[in-house]
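Here's the letter readout for the chains.
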Amino acid sequence: MGSGPMAPNQVPEQAAIEAGQAVYSDRVLKIYDLVVHGLSNHLLWRCPTRRLTALYDRHVSDRHLDVGVGSGYFLDRARFPASEPKITLLDLNPSCLAFAAKRIQRYRPQTVQADVFQALPEIGPFRSIGLTYLLHCLPGRIAEKAIVFDHLAARAEPGARLFGATLLQGDAPRSWAARRLMATYNRKGVFSNAADRFQDLEAALTERFSDVETERVGCAALFSARV
């Protein structure tokens, strides 16, 4: 189920927002690492998981906000610049929050259940904000999803680093199997990236931030920007 056009500042319907995260039940999260980080990243999206791990190692800080936390895979492996970083997990899905928080319980993370399409609670400010594999699950086009950047920037301290990765369509190179799986995910509402293009992501970031870095690896876009 792909989302239709929206005005840039229009918030999508709640059903469309919830569809992108509803699939992540406790049962799915138990196999998520194997399916996504073990298989799909390498064989379908052609973006090796080690590239995403390196993105975290390069940009995480001692006061970090992670958005769309998934299984907590990257936070569990990240090389934080402090032995006791302050980590906040933010997600709409309570199962993801609980799963990721338990996985990195050694850091005693704070959890926040919130919708990134809305103004966020008074948390932070943060020195780094990660949103990996979140944008392609959000409804709308990149220009419409970019309101998320504004909400996150409001919880960042000046000079903070916002970074992440998202899966693209458009002219992104994809195998037949990758195209078929993306089409299935879009039909089910798990993904909403039918109109997502690399150029649009770059434009949304450069309109808002400085020191923007983007790279396409397979059909994934890796990005970072200075708030």
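Comments concerning the sheet that holds strand E5 (residues 156-167)
The 7 strands are arranged E3-E2-E1-E4-E5-E7-E6 in an open sheet whose pairing can be described as mixed. Because the sheet does not close on itself, it has two edges, and the strands there are strand E3 (110-113) and strand E6 (210-217). Strand after strand, the sheet turns through a mean of 15° between neighbouring axes, direction not considered. Bridge analysis of E6 against strand E7 (residues 220-226) gives 6 bridges, and the strand direction is antiparallel.

What to know about unusual backbone geometry
Omega for the bond connecting Gly124 with Pro125 falls within 30 degrees of zero, at 5°, which places this linkage in the cis form. One non-glycine residue, Arg46, lies in the positive phi region at around 55°. Topologically, Arg46 is positioned in the loop between helix H2 (26-44) and helix H3 (49-59). In this structure, Asp211 takes a positive phi of about 50° despite not being glycine.

What about the confidence of the model for the protein?
Per-residue confidence for the protein averages 91 on the pLDDT scale, and 90% of its residues sit at or above 70. Predicted confidence is poor over residues 1-7, with pLDDT under 50, and the contacts of this stretch with residues over four places away or in other chains come to 18 contacts.

Notes on the environment of Leu65
Assignment of secondary structure puts Leu65 in strand E1 (residues 63-67). Taking the C-alpha atoms as reference points, Leu65 and Ser128, 63 residues apart in sequence, are found 6.3 Å from one another. Once residues lying within four places of it in the same chain are set aside, the contact partners of Leu65 are Thr88, Leu90, Ile123, Phe126, Ser128, Ile129, Gly130 and Leu152.

A few points about the pairing of E5
With 9 of 12 residues buried, E5 lies mostly within the body of the structure. Relative to E5, strand E4 (residues 126-132) runs parallel, the two sharing 6 bridges. Note that in E5 the partner of Leu131 across the bridge is Gly164. Pairing between E5 and E7: 7 bridges, direction antiparallel. By the bridge assignment, Leu162 is partnered in E7 with Ala225.

Thresholds applied
- Residues numbered from 1 in each chain as written.
- Predicted model: local features only at pLDDT ≥ 70, side-chain atom pairs only at ≥ 80, totals over all residues.
- Heavy atoms only, no water.
- Pairing = 2+ DSSP bridges.
- Helix = DSSP H or I, 4+ residues; strand = E, 2+ residues; numbered from the N terminus.
- Axes fitted to C-alpha atoms, helices over the stretch in contact; angles between N-to-C directions.
- pLDDT = per-residue confidence, 0-100.
- Contact = heavy atoms within 4.5 Å.
- Buried < 20%, exposed > 50% of the residue type's maximum accessible area, 1.4 Å probe, protein only.

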